[in-house]
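Each chain is listed here by its residues.
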Amino acid sequence: MKKILEAKNLNMSYKNNQKIILKDVNLKFEEGDYVAIIGESGSGKSTLLACLAGILKPESGEVIWQDKDLYKLNDLQLSKLHRNTISYVPQSNVFLKEYSILENLLFPYMETGGIEEKHEKRAGELLEALKIKEMKDRFPYELSGGELKRASIARALIMDPEVIVFDEPTTGLDNKTGEIILSFLSYYALKGNLVIIASHDQKVMNYTNRVYTKVITND
């Protein structure tokens, strides 16, 4: 049976001015999909991704993963899901500034029983694949924006999640760095995982196998 993430009738609005952000959004994703949600800045892409990842509860509707509604899980269940199954990369910096890049990557293992040699090996392999292994002992403030983006992918994938949800992976990056990131995510999807990205960059469509352009609203 294929693993499926599904959004059913999602609705969300800004209550202070009643601006509708999501209106009856219905989407279905399957393992191996590499999906781009394309739209202009401010169109609701980030809101949709946060809902799909179980970060932001919609006003109405459901997000189903393997027959379970994410928003009916308790805090412990949802925390476990985020740690092991659905990894979310927001646009903002997610790194702990007092830890090195390697320590940031290994932090989830500190919370789940301790760091082992195999964990450090995986972290090194991810950083090498993303061409920033030499940055492992540096601190987040010492990296460029593109290097931080690549490190954020490594951090998101350190626990080998089945789903990665990435908001604006190429924003502010040069073409070469953007290509490294999009190609790496393509490889991850080819392994049978689900990758969902939101972007206003039309070039991402050259890498993904599915594109949605009219699932959000600016009403």
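The structure presented is a predicted model; accordingly, all values stated were derived computationally and were not measured.

A. Quick look at the packing of helix α3 (residues 101-110) against helix α4 (residues 117-129). The contact between α3 and α4 brings their axes to 10 Å, and the two run at 130°. By the criterion of interaxial angle, the relationship of α3 to α4 is oblique. Relative to α4, α3 is oriented so that their crossing is right-handed. Contacts between α3 and α4 involve I101, L102, L105, L106 and Y109 from the former and H119, E120, R122, A123 and L127 from the latter.

B. Seen up close, the pattern of salt bridges. Enumeration according to the criterion identifies six salt bridges in this entry. E116 is the partner of K118 in a salt bridge, and the nearest nitrogen-oxygen pair spans 3.9 Å. Note that K136 and D137 form a salt bridge whose closest N and O atoms lie 3.1 Å from each other. Its relative accessible area of 29% is what places K136 among the partly exposed residues.

C. Here's a closer look at unusual backbone geometry. Positive phi outside glycine occurs at D24, with the angle close to 50°. Note on placement: D24 falls in strand β2 (residues 19-30). Here D160, not a glycine, exhibits a phi torsion of approximately 55°, which is positive. Turning to its location among the elements, D160 is positioned in the loop between α5 (145-157) and β7 (163-167).

D. Structural context of the sheet that holds strand β9 (residues 210-212). A sheet is described by the order of its strands in space; here five strands give the open sequence β6-β7-β8-β3-β9, paired in parallel fashion. The two strands at the open ends of the sheet, each matched to only one other strand, are β6 (86-89) and β9. For this sheet, the mean inter-axis angle between neighbouring strands, taken without regard to orientation, is 15°. Of the pairings in the sheet, the one linking β6 to β7 comprises four bridges and is parallel in character. Within β7, the residue paired with V89 across the bridge is F166. Sitting on the sheet, helix α1 (residues 45-52) touches β3 (34-38), β6, β7 and β8 (194-199), and the angle it makes with β8 is about 160°. Along the sheet face, helix α6 (residues 175-190) touches β3, β7 and β8 and points at about 150° away from the line of β8.

E. Highlighting the packing of α3 against α5. Following both chains from N to C, one finds α3 and α5 inclined at 25°, their axes separated by 8 Å at the closest point. Accordingly, the angle class assigned to the pair α3 and α5 is roughly parallel. Where α3 crosses over α5, the handedness of that crossing is right-handed. Residues I101, N104 and L105 of α3 lie in contact with α5, whose contacting residues are A151, A154 and R155.

Criteria and thresholds
Residues numbered from 1 in each chain as written. Predicted model: local features only at pLDDT ≥ 70, side-chain atom pairs only at ≥ 80, totals over all residues. Heavy atoms only, no water. Axes fitted to C-alpha atoms, helices over the stretch in contact; angles between N-to-C directions. Helix = DSSP H or I, 4+ residues; strand = E, 2+ residues; numbered from the N terminus. Parallel < 35°, antiparallel > 145°, perpendicular 65-115°, else oblique. Left-handed = near helix turned anticlockwise from the far one by under 90°. Contact = heavy atoms within 4.5 Å. Salt bridge = Lys/Arg side-chain N within 4 Å of Asp/Glu carboxyl O. Buried < 20%, exposed > 50% of the residue type's maximum accessible area, 1.4 Å probe, protein only. Pairing = 2+ DSSP bridges.

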